[in-house]
Amino acid sequence: MLVFMSSLMSLFTHCPMCKENSPGRLRRTMGTFVEIDQNCKHCGFQRSWQNQPFIDKTPAGNLLLSAGILFAGTSPTKVLRVLKSINCYTITTRTFLNHQKKFLQPAIKNNEVPSSVHMEKEGLVRCVQFLESENLVMKTL
Ligand SMILES: [Zn+2]
């Protein structure tokens, strides 16, 4: 899903409680993660909206992107360059490498599959199982 920032911010123009003008503001981003705060100066209502859940301290979308790149066997540099070229919030190559080392490669031991080709598929299967165990639903693969 691609969501333009202008479209997203149009959902945070008014306070949901008192209906007064209360524009949200982009509080922070972390790779594909986006957080928007809304603080109503009229009634004091406050909320913080996040576009994705976390798995421990890692935004799930960032980890999914790294897993998708790795298990598809494609170039992280090219994929991330494409996303950046269209101004998508995305992870850096360094983050991809950290995810690969910290989460993805340890998930699959080399002696469990006959070759690297099988490792990509097995990695994808395990990643999906892990995400489902965290109650994260994938709609398209
Ligand atoms: Zn209000």
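Keep in mind the model is a prediction, meaning the values are calculated, not measured.

### Points about the environment of Q129
Then comes step 1: When you line up the elements, Q129 lands in helix α5 (residues 116-133).
Then comes step 2: Using a count of 11 C-beta atoms within 10 Å as the deciding quantity, one classes Q129 as exposed.
Then comes step 3: For the pair formed by Q129 and F103, sequence separation is 26 residues and the distance between their alpha carbons is 14 Å.

### Structural notes on the UniProt feature "signal peptide" (unreviewed entry) in the protein
Then comes step 1: What UniProt calls "signal peptide" (unreviewed entry) maps, in this numbering, to residues 1-18.
Then comes step 2: For residues 1-18, helix accounts for 28% and strand for 0%, while the C-alpha atoms at its two ends are 31 Å apart.

### Some points on the environment of P23
Then comes step 1: With respect to the secondary-structure elements, P23 resides in the loop between α1 (5-9) and β1 (25-30).
Then comes step 2: Overall, the presence of 13 C-beta atoms within 10 Å leaves P23 in the partly exposed class.
Then comes step 3: Put simply, P23 and C40 are 17 residues apart on the chain and 8.1 Å apart in space, counted from C-alpha to C-alpha.
Then comes step 4: What P23 contacts, discounting residues up to four positions off in sequence, is F12 and T13.

### Section: the environment of E134
Then comes step 1: Among the structural elements, E134 can be located in the segment after α5.
Then comes step 2: Distance in space between the C-alpha atoms of E134 and V82 is 29 Å, their sequence separation being 52 residues.

### A word on helix α2 (residues 60-72)
Then comes step 1: Over its 13 residues, α2 extends 18 Å from the first C-alpha to the last, a length consistent with the 18 Å expected when each residue adds 1.5 Å.
Then comes step 2: G61, N62, L63, L65, S66, A67, I69, L70 and F71 are the residues of α2 that are buried.
Then comes step 3: Positive phi shows up at G73, right after α2, with a value of about 70°.

### Side note on the pairing of strand β2 (residues 33-39)
Then comes step 1: What you see with β2 is a clean split: V34, I36 and Q38 sit on the buried side and F33, E35, D37 and N39 on the side with no burial.
Then comes step 2: From the end of β1 to the start of β2, which pair antiparallel, there are two residues, and G31 there has a positive phi angle of about 65°.
Then comes step 3: Here five bridges tie β2 to strand β3 (residues 46-50), and the two strands are oriented antiparallel to one another. If you follow I36 over to β3, its bridge partner there is W49.
Then comes step 4: Linking two consecutive strands that pair antiparallel, namely β2 and β3, is a turn of six residues; a positive phi of about 85° is found at G44 within it.

Procedures and definitions
- Residues numbered from 1 in each chain as written.
- Predicted model: local features only at pLDDT ≥ 70, side-chain atom pairs only at ≥ 80, totals over all residues.
- Helix = DSSP H or I, 4+ residues; strand = E, 2+ residues; numbered from the N terminus.
- Buried ≥ 20, exposed ≤ 12 C-beta atoms within 10 Å, placed from the backbone.
- UniProt positions renumbered as here; feature names shortened; annotations may be inferred.
- Contact = placed C-beta atoms within 7 Å.
- Expected span 1.5 Å × (residues − 1).
- Pairing = 2+ DSSP bridges.

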